[in-house]
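Here is how the chains run, residue by residue.
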Amino acid sequence: MASNDSRPPVSANPLADEAVYRAALSACANWLKAGDAARAVEALQDTMSRLEREAQRGPLRARQVLVVGGAGYVGAVMVRELLKQGYGVRVLDNFLYANSLSVEGLFDEPGFSFVFGDMRDQAVLDRALDGVTDVVLLASLVGDPISKKYPELTRSVNGGGSEALFEAMKGRGIHKFVFTSTCSNYGMRTSDDPATEEAELKPLSIYAETKVAFEKYILTHADKADFIPTILRISTAFGLSPRMRFDLTVNEFTAALARGEALDVYDKDTWRPYCHVRDIAGAVIRVLEADETKVRGEVFNVGSDENNYTKAMIIEEILKHIDGKVNFVEHGSDPRNYRVSFRKIREVLDFVPQHSVAGFVPELIGAVHAGFYQRQNAIQGYYGNYEVRPEVAAA
């Protein structure tokens, strides 16, 4: 007679299963230590839901996150934050910008592994996805200038590569998939009201067009996916990173003036939202630990109201700390102008960024004055997304 017992099947290796449960409980206990009982309960619920489904399929696995593009500006910070939180982390990266230094120091870290290759290659995806429980997609040609310089590569990587990854995840027991999109999707807004996640998308670059297209792809296929997809529209990043960039507004303006350079600033009254790289990492971790009912097929803007700035406001913050020569110029080549609302991520996920533009500016000034970032003089274009490796561009 058939049994009605719905308990998970007995494992062939109960000691291994016990170790996985202990690791899962330990991770959730971190929130209790931080004094956030509600988040601890939510993280535990999500963890047990994941393990219950895994038990029906076979052996249990400890949490192992694949970060695609983990050697980049945001990824190099995110990987370290995940490791600190006790996650196993695998990075898939092809060092698009010859940026291997960002993760070299992690190679022998417990819990870290690395796969070199291109996510457009199915064999590479098979190696990278083997045994992982969750996937974070950062990899893309990021920003308007680089996408304009390499339009076909941008479409191939940001579009075709992202779709290939999405399809390759199916049937592997993946729990969550987090896609980092961009607030640049809002383009040029005529309304003064901050853009919510339901606002019209008006991409003004190939970069934003590819992000919007893959968002639509995810949302179209979300109901049929056997994993939980979430879209995070990230504000323009700032902050220190092992793969530092000075082609991002806050970093660029602050570093240039700290070095004593004259600075041309175009369209000073245009608005943008900004978010520290550590807070971007925090938002991804928040999604990984959230109850799946809160994040399945959802879109969240990532940032904070206090970090909505015009370019003139950023300059004002910098000039509080150092003198500098700034020339304001109108009618630049980038017409984007948008403020963004972060109410949804604050209310649904209880996520509030911990870092501000005002707090970061003196930190970067201090780092520049201390003599950091000398490769700027020795290697042209080292601190930014200016050129891709020739062999990647030709692929």
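Whatever comes next refers back to the structure up there.
Just so you know, these numbers come straight off a predicted model, no measurement behind them.

Asks: Which parts of the structure should I look at to understand the overall build of the chain?
Replies: Looking only at helices and strands, the chain features 16 helices and 12 strands. Here the chain has a C-alpha radius of gyration of 21 Å; the compact-globule value for 395 residues is 21 Å, and the two agree. Across the 395 residues that make up the chain, the buried fraction comes to 54%. In the chain, of all internal contacts separated by at least 6 residues, the share reaching a separation of at least 24 is 81%.

Asks: Hey, could you run me through the sheet that holds strand S9 (residues 271–276) in this one?
Replies: Spatially, the three strands line up as an open sheet ordered S7-S9-S11, and their pairing is mixed. Both edges of this open sheet fall to strand S7 (236–238) and strand S11 (308–310), since each of them pairs with a single strand only. Direction aside, the axes of adjacent strands within the sheet are offset by 50° on average. The pairing of S9 with S11 spans three bridges and is classified as antiparallel.

Asks: Looking at this structure, how should I read the pairing of strand S1 (residues 64–68)?
Replies: The two faces of a sheet get side chains in turn, since along a regular strand they alternate between them. Summarising burial for S1: five of the five residues are buried, a large majority. Residues Gln64, Leu66 and Val68 line one face of S1 and the alternating positions Val65 and Val67 line the opposite face, and both faces are buried. Pairing between S1 and strand S2 (residues 88–93): five bridges, direction parallel. Among the inter-strand pairings, Gln64 is bridged to a residue of S2, identified as Gly88.

Asks: Teacher, can you tell me more about the pattern of salt bridges here?
Replies: When their charged atoms lie close together, side chains carrying opposite charge are able to pair. A full pass over the atoms with the stated rule returns 25 salt bridges. Taking the shortest distance from any N to any O, the salt bridge between Arg61 and Glu54 comes out at 3.1 Å. Assigned by exposure class, Arg61 and Glu54 land together as buried. A salt bridge links Asp126 to Arg172; the shortest N-O distance between them is 2.6 Å. Of this pair, Asp126 sits in helix H5 (residues 122–129) while Arg172 sits in the loop between helix H7 (151–168) and strand S5 (176–182), and the two are 46 residues apart along the sequence. What makes Asp126 partly exposed here is its relative accessible area of 33%.

Asks: Please explain the side chain of Asn185 as it appears in this structure.
Replies: Here Asn185 lies in the loop between S5 and helix H8 (206–221). Residue class for Asn185 comes out buried when judged on its relative accessible area of 0%. Reaching out from Asn185, the side chain makes a polar contact with the side chain of Ser181 at a distance of 3.1 Å. Looking at Asn185, its side chain comes within polar contact range of the main-chain oxygen of Thr182, at 3.2 Å. Among all residues touching Asn185, those that are not within four sequence positions of it are Leu201, Lys202, Pro203, Ala208, Lys211, Val212, Glu215 and Arg233.

Asks: Could you clarify how one ought to interpret H7 in this entry?
Replies: Helical geometry: 3.6 residues make up each α-helical turn, so side chains three or four residues apart lie on a common side. Here H7 is 18 residues long and its end C-alpha atoms lie 25 Å apart, about the 26 Å a rise of 1.5 Å per residue gives. Where H7 bends most, the angle comes to about 25°, and this point is Gly161. Within H7, the full set of buried residues consists of Leu153, Thr154, Val157, Asn158, Gly159, Gly161, Ser162, Leu165, Phe166 and Ala168.

Asks: What exactly am I supposed to notice about helix H10 (residues 277–289) here?
Replies: Between its first and last C-alpha, H10 extends 19 Å over 13 residues, near the 18 Å set by a 1.5 Å rise per residue. Of all 13 residues in H10, 11 are buried, a share of seventy percent or more.

Asks: Looking at this structure, how should I read the sheet that holds strand S6 (residues 228–234)?
Replies: Here seven strands make up an open sheet; going across it, the order is S3-S2-S1-S4-S5-S6-S10 and the pairing parallel. If you trace the sheet from one side to the other, it starts and ends with strand S3 (112–116) and strand S10 (298–302), each paired once. Mean inter-strand twist for the sheet, computed between neighbouring axes without regard to direction, equals 20°. In the packing of helix H3 (residues 73–84) onto the sheet, contacts are made with S1, S2, S3 and strand S4 (134–137), and the angle to S2 comes to roughly 165°.

Asks: Mind showing me how you'd approach a nonpolar patch on the surface here?
Replies: A contiguous nonpolar patch, built from Leu25, Leu44 and Met48 and spanning about 230 Å² of accessible area, is present on the exposed surface. Topologically, Met48 is positioned in helix H2 (residues 37–57). For Met48, a relative accessible area of 35% translates into the label partly exposed.

Asks: What should I look at first to understand the environment of Lys224 in this one?
Replies: By the element assignment, Lys224 lies in the loop between H8 and S6. C-alpha of Lys224 to C-alpha of Gln374: the two residues are 150 residues apart in sequence and 50 Å apart in space.

Cut-offs and rules
- Every chain's residues receive numbers from 1 upward, in the order its sequence appears when written.
- Local features in a predicted model are, by the rule used here, given only for residues with pLDDT of at least 70; side-chain atom pairs are given and counted only at 80 or more, and totals for whole chains, interfaces and linings are based on all residues.
- Note that the side-chain values use all heavy atoms of the structure and ignore hydrogens as well as water.
- Comment: elements are numbered from the N terminus, with helices defined as DSSP H or I runs of at least four residues and strands as E runs of at least two.
- For this measure, only C-alpha atoms enter the radius of gyration; the expected value for a globule follows 2.2 Å times N^0.38, where N is the number of residues.
- Burial classes: relative accessible area under 20% of the type maximum marks a residue as buried, over 50% as exposed, and values in between as partly exposed (1.4 Å probe, protein chains only).
- Contacts are assigned to residue pairs with any non-hydrogen atoms lying within 4.5 Å of each other.
- Two strands are counted as paired when DSSP detects at least two bridges linking them.
- Whenever a helix is involved, its axis is fitted only over the stretch in contact; in every case the axis is a line through C-alpha atoms, and angles between N-to-C directions fall within 0 to 180 degrees.
- Just to be clear on terms, a salt bridge is a Lys or Arg side-chain nitrogen sitting within 4 Å of an Asp or Glu carboxyl oxygen.
- Within 3.5 Å is the distance limit for a polar contact, defined as a pair of N or O atoms, with the added protein rule that one can donate a hydrogen and the other accept it, and that residues adjacent in sequence qualify only through two side-chain atoms.
- In a helix, the anticipated span is given by 1.5 Å times the number of residues less one.
- Working definition for bend: take the seven residues up to and ending at a residue and the seven starting at it, fit an axis to each, and measure the angle between the axes.
- Patch members must show over 30% relative accessible area and no salt bridge, and they are joined within 9 Å when carrying like charges or within 5 Å when they are nonpolar side chains of Val, Leu, Ile, Met, Phe, Trp or Tyr.
- Reported accessibility uses the Shrake-Rupley method at a 1.4 Å probe radius. Residues are deemed covered only where the shown protein chains occlude them.

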